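Here is what each chain is made of, one letter per residue.
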Amino acid sequence: LAVLDAAGLAHTGSARSPQEAQPMWLDLGGIRVAHLAYAYGFNGFRVPSEAPWMANLIDEDAILADAAAVRQQGADFVVVSLHWGEQYQSVPNQQQRRLGPRLLASPDVDLVVGHHAHVVQPIDRIDSEWLVYGMGNLLSASSSPVRRDELLVEVTVTVAGDGTLTTELRAVP
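Residues numbered from 1 in each chain as written. Predicted model: local features only at pLDDT ≥ 70, side-chain atom pairs only at ≥ 80, totals over all residues. Heavy atoms only, no water.

Enquirer: Before we move on, can you summarise the sheet that holds strand β1 (residues 24-28) with the specific residues and values?
Expert: Whenever strands of a sheet pair, they do so through backbone hydrogen bonds, lying parallel or antiparallel. Strand order across the open sheet formed by six strands is β1-β2-β3-β4-β6-β5, with mixed pairing between neighbours. The open sheet has two free edges, formed respectively by β1 and β5 (123-126), since each of these has just one partner strand. Each strand axis lies, on average, 20° off the axis of its neighbour in the sheet, ignoring direction. With respect to the sheet, helix α2 (residues 60-72) is in contact with β1, β2 (31-39) and β3 (77-83), its orientation differing from that of β2 by roughly 165°. Each of β3, β4 (111-115), β5 and β6 (129-132) touches helix α3 (residues 94-104); the most contacted strand, β6, lies at about 155° to it. (Pairing = 2+ DSSP bridges. Helix = DSSP H or I, 4+ residues; strand = E, 2+ residues; numbered from the N terminus. Axes fitted to C-alpha atoms, helices over the stretch in contact; angles between N-to-C directions. Contact = heavy atoms within 4.5 Å.)

Shown next as structure tokens:
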């Protein structure tokens, strides 16, 4: 977290204190964006019981409650990032296929972006919202070509005259 801070990069999902354990808020062109982040696990480590604010574990009810809370706090657009999936598997696993669409079914979640598999996984459009299962490795020293693949997603959110938001997504290899 200190390295991200030093580089001027905002972060969420992990925290050094209860005060820091907050959603990331961004004002992008007049659209108030809340970014929430969760992980399926922590490489064999556990979040200390005395510091539950250190990291967010994937829990559908907690994610939906957090999304509803940031929506009530004025978020126009809510992004949920998930550290999930099976490493080196380009096909989403059962948890991803079940949880992703369930989160997007909530009126409080607008975009789900996944990572962790270390390979690119599919992108689905569900109704008018996007589910990015996995973006691969942004930076990697892997000798395997498939593990050097990555993509960025560029999401354009447009506000109509009636306040309705529409999104378009472009994947950038």
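Enquirer: Let's hear about the pattern of salt bridges: which residues, and what values?
Expert: Opposite charge on two side chains lets them pair, provided their charged atoms get close. Considering all chains together, one arrives at nine salt bridges under this definition. Measuring nitrogen to oxygen at the nearest pair gives 3.7 Å for the salt bridge that ties Glu168 to Arg125. Here Glu168 is found in strand β8 (residues 165-172), whereas its partner Arg125 is found in strand β5, with 43 residues between them in sequence. By relative accessible area, Glu168 is classed as partly exposed at 48%. Residue Arg125 is classed as partly exposed on the basis of its relative accessible area of 39%. Here the salt bridges do not stand alone but share partners, grouping Asp5, Arg16 and Glu20 into one network. (Salt bridge = Lys/Arg side-chain N within 4 Å of Asp/Glu carboxyl O. Buried < 20%, exposed > 50% of the residue type's maximum accessible area, 1.4 Å probe, protein only.)

Enquirer: Which residues make up α2, and what values go with them?
Expert: Along its 13 residues, α2 runs 18 Å from first to last C-alpha, staying within 8% of the 18 Å computed at 1.5 Å per residue. Here α2 has its buried residues at Glu60, Ile63, Ala67 and Val70. Buried residues of α2, seen end-on, are gathered within an arc of 100° and therefore sit on one face of the element. Opposite the packed face of α2, turned more than 90 degrees from it, sit the exposed residues Asp61 and Gln72. Buried residues belonging to α2 abut β1, β2, β3 and α3. In this structure Asp59 caps α2, since a side-chain oxygen of it lies 3.1 Å from the backbone nitrogen of Asp61. (Expected span 1.5 Å × (residues − 1). Arc of directions from axis to C-beta. Polar contact = N/O pair within 3.5 Å; in protein donor to acceptor, adjacent residues only side chain to side chain.)

Enquirer: Tell me about the side chain of Asn93, and name the residues and values.
Expert: Mapped onto the secondary structure, Asn93 falls in the loop between β3 and α3. Residue classification places Asn93 among the buried residues on the basis of a relative accessible area of 17%. Within the structure, Asn93 has its side chain in polar contact with the side chain of Glu86 (distance 3.2 Å). With near-sequence residues (within four places) excluded, Asn93 lies in contact with Gly85 and Glu86.

Enquirer: I'd love a proper account of the pairing of β6, names of residues and values included.
Expert: The side chains of a regular strand alternate between the sheet's two faces. Of the two faces of β6, the one carrying Glu129 and Leu131 and the one carrying Trp130 and Val132 are both buried. Bridge count for β4 against β6 is three bridges, and the pairing is parallel. When the bridges of β6 are listed, Val112 appears paired with Leu131. Across four bridges, β5 lies against β6 in antiparallel orientation. From the neighbouring strand, Arg125 faces β6, where its bridge partner is Trp130. Hairpin connection from β5 to β6: two residues lie between these consecutive antiparallel strands, with Asp127 at a positive phi of about 55°.

Enquirer: Got a sec to walk through the pairing of β3? Specific residues and values, please.
Expert: Burial analysis of β3 places seven of its seven residues in the buried class, which makes it a mostly covered element. Taking every second residue as pointing to the same face, both faces of β3 are buried, with Phe77, Val79, Ser81 and His83 on one and Val78, Val80 and Leu82 on the other. Relative to β3, β2 runs parallel, the two being bridged by seven bridges. Looking at the pairing, Ala39 lines up with His83 of β3. A crossover connection joins β2 to the parallel β3 through α2; in handedness this β-α-β unit is right-handed. Pairing of β3 with β4 involves five bridges; the strand directions are parallel. Opposite Val80, over in β4, you have Val112 as the bridge partner. (Right-handed = clockwise from strand over helix to strand, strands pointing away.)

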